[in-house]
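# Architecture and fold: a report
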Amino acid sequence: MIKNYFTISFRNLVKRKGYTILNILGLSIGISCCLLIFQYVSYERSYDTFQKKSPQIVRIRLDQYKQGKLLWQSATSYPAIGPNIKKDYPEVEQFCRLKDDELLLSNAATNVKFNETKGYFADTSAIDMLGIQLIKGSAVTALKNPDQIMLSQSMAKKYFGTEDVVGKTLVSRDDSGMKTYAITGVFKDYPKNSHLIIDYLVSYATLVNDILKGGEKSDPANTAFGWYDFYTYLQLKPGTTLQQFRAKLPAFTDKYINSKSWNKANNVKNVLDIIPLNDIFLYSNYNQEAEVNGNGGAVNFMFLIGFIIMAIAWINYINLSTARSVERAKEVGVRKVLGAGKASLVKQFMLENILLNITAVIIAAIAVSSLIPWFNNLMGKDVATGFSMSAKYWVIFSSIFIGGTLLSGLYPAFVLSGYQPAAVLKGAFKNTSGGLVLRKGLIILQFGISVILIAGTIIVYQQVNFMRSQKLGVNISQTLVLDGAQSVKDSLYQNVLQPFKTELLKNPGIKGMTSSTSVMGKEIYWTNSWKSLDHKDVGALTLYIMGIDHDFIPQFEMKLLAGRNFSTDFTTDKKAAILNEQAISLLGFKNPQDAVGKKVASGDTLTVIGVVQSFHHMGLQKPIDPQLIRLVPNARQSYSVKLQSADLQKTLAAIKVSWDKYFPNDPFNYFFLDDNFNSQYQSDQRFGEMFTLFAFLAILIACFGLVGLSAYNILQRTKEVGIRKVLGASVKSVVFILSKDFLLLVVISFVIAAPASWWIMHNWLQSFAFRIDISLWVFGIAGIIAVAIAMGTISYQAIKAALMNPVESLKTE
């Protein structure tokens, strides 16, 4: 019997090739999309889960309010929080702190040297808490004493060509001189699916020691509640809930931070919060994040798209199956007359359904395997390798596939097997109103989703294009940025920097050069609390500080709204400041002219000599921070070179020659400023590309469903078409009559989907500080496209029926 079922099923599928191909195509596309999306979601949600203790680990977040208004939220916090919170709360098992540490390192024996930026000062407990897997060295002593460093496998090989480096040394150079680090450990390369990139760790004792050597009488690296450049992680004891522990943080903050006289005097309130380690990558996008994090909302939305695409594919199967119901009605009638029961017919139709789905999943598996390299390239990282998603997502996919296969097969199977043989064989077979309503409802659902996806695609494109094309308030084009020289001592630096700059400016391919402590696109970490001496009632607030030389403002074509730029004609400019519009507003000045000549203080007192028009230091996802710009002619973090040469390679070669001449101990590293700045939009751009791709495929699959329903409807109305043509109806009028019902369904779907689409995309745009306004024409375009797609899909079937010989039409029933 089973063999007979398989034989009949195979014959039926082969006999109706068009139906079979259309079904398999829709299902395989849907399953392929679902598999790719699930692998992407699985990877994005896997960040930091490799750490065994990750469910117990949280990171502190610091928020600061002034007079009840939120000033900023930072991923970093005060270094004294960790020791004190462990002392006060037994729920805290251990803590660790990280502070970024950029080093110019070299192997003295081979003169291999690199600027290293992906490392941290770290407490010893970081090895255990962050899942650092030591290959060489002891976790107890590797970060115990000053001037100790641990290297990743790759970093060890980069400097020494081997992993066996414990006991060897690396030399660092900076403006204070040279330092020798003892290599005390080598660890496995840190996994890529982490919110941290760790190439090396330097003992926290090194930071403490350096501060004390610098003349500090106290130890701010352990006691400060004002220096917030530290990532603080807490390991909570098993059984401690986040809600319970979070509820205790206000009391801790009031005791140690808000009670400080400075905070009280300036009406500043600090608020601490915690975020689970596993949530940082997707749900933490605050100031001073260690790396660019992902977007949890986008990942969740794509996860939903995966379900939707699969649902659309099975809806199509139902519609295409019911479209064949008239064709197969007589088959059912004959088989029932010959003794076939309803159960055996259901089994027969379910077996056909299962064969179709199995064939589709095999084709989808082959397609996904071949598409993985392309998909990884689209996402910019290896989110998929083979079929490597976690077991959780395989269970979800398997459940969806099995459940969808059964549910999508049962409805057509019971519909077909339920036909009455007498009515069918007499030609009196008709549809039920309930079935018709269901099928129309499914089409409305499909095209409603299509309208949302079309409108969403347009809005995502508009937002990304808006961010990339918006005027920044600075000119960053044709700008080459060199990583500044770190090896020259302060006392000698000016005597080297100026000749280097003079030599570069002699090159006809170079228009200008300026040095600064930061450049656009790189987050500013230099902050202080400043207050206006003319508006003491306002109190102090955090300003982001950038040090520049005299040429920075004119080279970047920044607009001065009042006052002047720094000038070599004024020796007093070393005590001068230039503010942006956000800063003068927060400090209490009425307008740019009002600020010029006034004084601001933060330990040091500066005179405001100018106000620049607001400019975007970071991408448009973030608000413009209040900035204080001061004169630092010896800034060494970044050198911005303005180019005006068509022969870029020749100019680069000339710059390198000059660099090696004046800074022989520093590696020559550079990037183009506009490329680096625009890289902030890469994740949004990739999301837009992925959204567009899967939206297109979902709409394509939805069209298959419309083909099914239109074919079903036209088949049912074949005799009507013949009669109308005999009575003189034109082809045009027949096409209109056959199409209007479907167009009405599309219009209904648009009316439902337009407000839903606005709500979804409005909420998505809220994550951007600078964003577009959603225009009504977007939904008009989405509706027109949906109608055009529907007309294109229906018209072939309708025209074919309208052109049919009426004699043949009347013979069909």
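We now turn to the structure provided with this report. (Residues numbered from 1 in each chain as written. Predicted model: local features only at pLDDT ≥ 70, side-chain atom pairs only at ≥ 80, totals over all residues. Heavy atoms only, no water.)

## Quick look at the overall build of the protein chain
Note the following rule: Helix and strand assignments come from DSSP, with helices taken as H or I runs of at least 4 residues and strands as E runs of at least 2, each series counted from the N terminus. Only protein chains enter the accessibility calculation, which uses a 1.4 Å probe; a residue is then buried when its area is under 20% of its type maximum, exposed when over 50%, and partly exposed in between. Whether two residues touch is decided by their heavy atoms; if any such pair falls within 4.5 Å, the residues are in contact. Method for areas: the Shrake-Rupley scheme with a 1.4 Å probe, in which residue coverage is limited to the protein chains shown.
Regarding its fold elements, the protein chain presents 28 helices and 24 strands. Taken across its 813 residues, the protein chain has 52% of its residues classed as buried. Of all intrachain contacts in the protein chain linking residues separated by at least 6 positions in sequence, the fraction that spans at least 24 positions is 80%. Entry remark: accessible area of the protein chain is about 35300 Å², with carbon and sulfur atoms responsible for 59%.

## A short note on the packing of aromatic side chains
Here is the rule we go by: Here a pair means two rings of Phe, Tyr or Trp (six-membered ring of Trp) with centres within 6.5 Å. Their orientation is stacked below 30 degrees between planes, edge-to-face above 60, and tilted elsewhere.
With the rule as written, the count across this model stands at 39 aromatic pairs. A centroid spacing of 5.1 Å and a plane angle of 70 degrees characterise the contact between Phe500 and Phe663, whose relative ring orientation is edge-to-face. Taken together, the residues Phe500 in helix 18 (residues 490-505) and Phe663 in the loop between helix 22 (648-662) and strand 24 (670-672) connect sequence positions 163 residues apart. As far as burial versus exposure is concerned, Phe500 and Phe663 are alike and both buried. Measuring from centroid to centroid gives 4.6 Å for Phe552 and Phe556, while their planes differ by 45 degrees, and the two rings are tilted.

## What about unusual backbone geometry?
You will see that Asp147, though not glycine, has its phi angle at about 65 degrees, which is positive. Here Asp147 shows up in the loop between strand 7 (134-137) and strand 8 (148-152). Phi at Gln288 is positive, roughly 60 degrees, even though this residue is not glycine. Examined against the element boundaries, Gln288 turns out to sit in the loop between helix 11 (280-283) and helix 12 (296-323). Assessed through its relative accessible area of 2%, Gln288 is described here as buried.

## Thoughts on the environment of Tyr65
By secondary structure assignment, the location of Tyr65 is in strand 1 (residues 57-66). What makes Tyr65 partly exposed here is its relative accessible area of 25%. Apart from the residues within four sequence positions on either side, Tyr65 is in contact with Leu70, Leu71, Asn267, Val268, Lys269 and Val271.

## Observations concerning the pattern of salt bridges
Here the idea is simple: oppositely charged side chains can pair when their charged atoms come close. Worth spelling out the cut-off: A pair is scored as a salt bridge if a Lys or Arg side-chain nitrogen falls within 4 Å of a carboxyl oxygen belonging to Asp or Glu.
On inspection of all chains with the given rule, the structure shows 22 salt bridges. Between Glu91 and Lys248 there is a salt bridge whose closest N-O contact spans 2.1 Å. Note that Glu91 is positioned in the loop between helix 3 (81-88) and strand 3 (92-100) and Lys248 in the loop between helix 8 (242-246) and helix 9 (249-258), a separation of 157 residues in sequence. With a shortest N-O distance of 2.5 Å, Lys179 and Asp210 are connected by a salt bridge. Of this pair, Lys179 sits in strand 10 (residues 177-187) while Asp210 is found in helix 6 (residues 204-213), placing the two residues 31 residues apart along the sequence. Classification of Lys179 by relative accessible area gives buried; the value is 18%.

## Side note on the pairing of strand 12 (residues 231-236)
Among the six residues of strand 12, six are classified as buried, and the element is accordingly described as predominantly covered. Of the two faces of strand 12, the one lined by Tyr231, Tyr233 and Gln235 and the one lined by Thr232, Leu234 and Leu236 are each fully buried.

## As for the pairing of strand 17 (residues 541-548)
Just so we agree on the cut-off: Any two strands with at least two DSSP bridges between them are considered paired.
Counting buried positions along strand 17 yields eight of eight residues, so the element is predominantly enclosed. Burial along strand 17 is two-sided: the residues Leu541, Leu543, Ile545 and Gly547 and Thr542, Tyr544, Met546 and Ile548 are all buried. Pairing of strand 16 (residues 527-532) with strand 17 involves four bridges; the strand directions are antiparallel. The partner of Ser529 across the bridge, within strand 17, is Thr542. By the bridge criterion, five bridges tie strand 17 to strand 22 (residues 627-631) in an arrangement that is parallel. In the sheet register, Met546 faces strand 22, and the bridge partner there is Ile629.

## Focus on the side chain of His535
Filter applied, for reference: We define a polar contact as two N or O atoms separated by no more than 3.5 Å, with the added condition that, inside protein, one atom must be a possible hydrogen donor and the other a possible acceptor, whereas residues neighbouring each other in sequence contribute only through side-chain atom pairs.
Note that His535 resides in the loop between strand 16 and strand 17. In terms of polar contacts, His535 uses its side chain to reach the backbone carbonyl oxygen of Gly588, at 3.2 Å. Ignoring any residue separated from it by four or fewer positions in sequence, one finds His535 in contact with Leu587, Gly588, Phe589 and Asp594.

## Overview of helix 26 (residues 731-765)
To keep it simple, the criterion reads: An expected span of 1.5 Å times one less than the residue number is assigned to each helix. Working definition for bend: take the seven residues up to and ending at a residue and the seven starting at it, fit an axis to each, and measure the angle between the axes.
An ideal rise of 1.5 Å per residue puts 51 Å on 35 residues; helix 26 measures up with 47 Å between its terminal C-alpha atoms. Along its length, helix 26 reaches its greatest deviation from straightness, about 40 degrees, at Ser739.

## So, a nonpolar patch on the surface
To be explicit about the condition: Patch membership requires more than 30% relative accessible area and the absence of a salt bridge. Residues of like charge join within 9 Å; the nonpolar side chains Val, Leu, Ile, Met, Phe, Trp and Tyr join within 5 Å.
Residues Ile354, Ile358, Ile362 and Ile366 make up a contiguous nonpolar surface patch of about 350 Å² in total accessible area. Within the secondary structure, Ile358 is located in helix 14 (residues 342-379).

## So, the environment of Ile444
Turning to its location among the elements, Ile444 is positioned in helix 17 (residues 433-469). Between the C-alpha atom of Ile444 and that of Ile748, which follows or precedes it by 304 residues, the distance is 6.9 Å. The residues contacting Ile444, other than those within four sequence positions of it, are Leu745, Ile748, Ser749 and Ile752.

## Notes on the state of the cysteines
Defined as follows: For this text, the term disulfide refers to a pair of cysteine sulfurs within 2.5 Å.
Enumeration according to the criterion identifies zero disulfides in this entry. Free of any disulfide, Cys34 has its nearest cysteine sulfur in Cys33, 8.6 Å distant.

## Concerning the packing of helix 3 against helix 9
The criterion, for reference: To obtain each axis, a line is fitted to C-alpha atoms, and for helices this fit is confined to the stretch in contact; angles are then taken between N-to-C directions over 0 to 180 degrees. Any angle that is under 35 degrees is reported as roughly parallel, and any over 145 degrees as roughly antiparallel; angles of 65 to 115 degrees are reported as roughly perpendicular and all others as oblique. Note on convention: near helix rotated counterclockwise from far helix by under a right angle means a left-handed crossing. Clockwise means right-handed. As a working rule, the residues Ala, Val, Leu, Ile, Met, Phe, Trp, Tyr, Cys and Pro are called nonpolar, Asp, Glu, Lys and Arg charged, and the rest polar, with Gly in that last group.
Relative to each other, helix 3 and helix 9 sit at 120 degrees, their axes nearing to 12 Å. On the basis of the axis angle, helix 3 is oblique to helix 9. Seen along the crossing, helix 3 lies across helix 9 with a hand that is right-handed. Of the residues in helix 9, those in contact with Ile81, Asn84, Ile85, Lys87 and Asp88 of helix 3 are Leu249, Phe252, Lys255 and Tyr256. A class-by-class count of the residues in the contact of helix 3 with helix 9 yields five nonpolar, one polar and three charged.

Remember that the coordinates give geometry; whether it matters functionally is a separate question.
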